[in-house]
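Letter by letter, the chains look like this.
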Amino acid sequence: MSQTNNRSDKHSTLPKALKITLTLTTLTTLNLDGNWIVENGGQALSETHKTNSTLTTLGLQNNLIGDNGVLALSEALKFNSTLTTLYLQDTLIRDRGDQALAGAIKTNLNLTTLKV
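Residues numbered from 1 in each chain as written. Predicted model: local features only at pLDDT ≥ 70, side-chain atom pairs only at ≥ 80, totals over all residues. Heavy atoms only, no water.

1. A short note on a nonpolar patch on the surface
Phase 1 of the analysis: Nonpolar side chains collect at one region of the surface, where Ile-105, Leu-114 and Val-116 lie side by side and expose about 230 Å² of accessible area between them.
Phase 2 of the analysis: Position of Val-116 among the secondary structure elements: in the segment after β5 (113-115). (Patch = residues over 30% accessible without salt bridge, like charges linked within 9 Å, V, L, I, M, F, W, Y side chains within 5 Å. Areas by Shrake-Rupley, 256 points an atom, 1.4 Å probe, with all protein chains shown as cover. Salt bridge = Lys/Arg side-chain N within 4 Å of Asp/Glu carboxyl O. Helix = DSSP H or I, 4+ residues; strand = E, 2+ residues; numbered from the N terminus.)

2. Let's talk about the side chain of Thr-85
Phase 1 of the analysis: With respect to the helices, strands and loops of the structure, Thr-85 is situated in strand β4 (residues 85-87).
Phase 2 of the analysis: By relative accessible area, Thr-85 is classed as buried at 11%.
Phase 3 of the analysis: Filtering out sequence-adjacent residues up to four positions away, Thr-85 remains in contact with Thr-56, Thr-57, Leu-58, Leu-111 and Thr-113. (Buried < 20%, exposed > 50% of the residue type's maximum accessible area, 1.4 Å probe, protein only. Contact = heavy atoms within 4.5 Å.)

3. Here we look at the packing of helix α2 (residues 39-49) against helix α3 (residues 66-77)
Phase 1 of the analysis: Between α2 and α3, whose axes approach to 7 Å, the crossing angle comes to 5 degrees. By the criterion of interaxial angle, the relationship of α2 to α3 is roughly parallel. Across the interface between the two elements, Glu-39, Gly-42, Gln-43, Leu-45 and Ser-46 of α2 pack against Gly-66, Asp-67, Asn-68, Gly-69, Ala-72, Leu-73 and Ala-76 of α3.
Phase 2 of the analysis: Tallied by class, residues from the contact of α2 with α3 come to four nonpolar, six polar and two charged. (Axes fitted to C-alpha atoms, helices over the stretch in contact; angles between N-to-C directions. Parallel < 35°, antiparallel > 145°, perpendicular 65-115°, else oblique. Nonpolar A, V, L, I, M, F, W, Y, C, P; charged D, E, K, R; others polar.)

So, to be careful, I would describe these as geometric facts and stop short of saying anything about function.
Shown next, in the form of structure tokens:
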């Protein structure tokens, strides 16, 4: 099952419906490209992603999650063993976020595709 959510009306942390969607056991691909997700949204998504055991592809490109959101996602990657593809292009990641991702991919051997 793939889920695409194009919401560009205003900045979003993570809609409640999305948090519920991430608990679905059949969801394998989630594309949130251009949904105006901000740092808090990246942090909320990372909390949910720590326990998700089916999502293999996550697209967060063209969002505003920045370093703090990526720091949280990087921490989640240390616990997640199913994600294989992560898209983070144009997400305002700077040095701190890059360093956090580098540390996470050293411990997560399942992530095979990372686009920043």
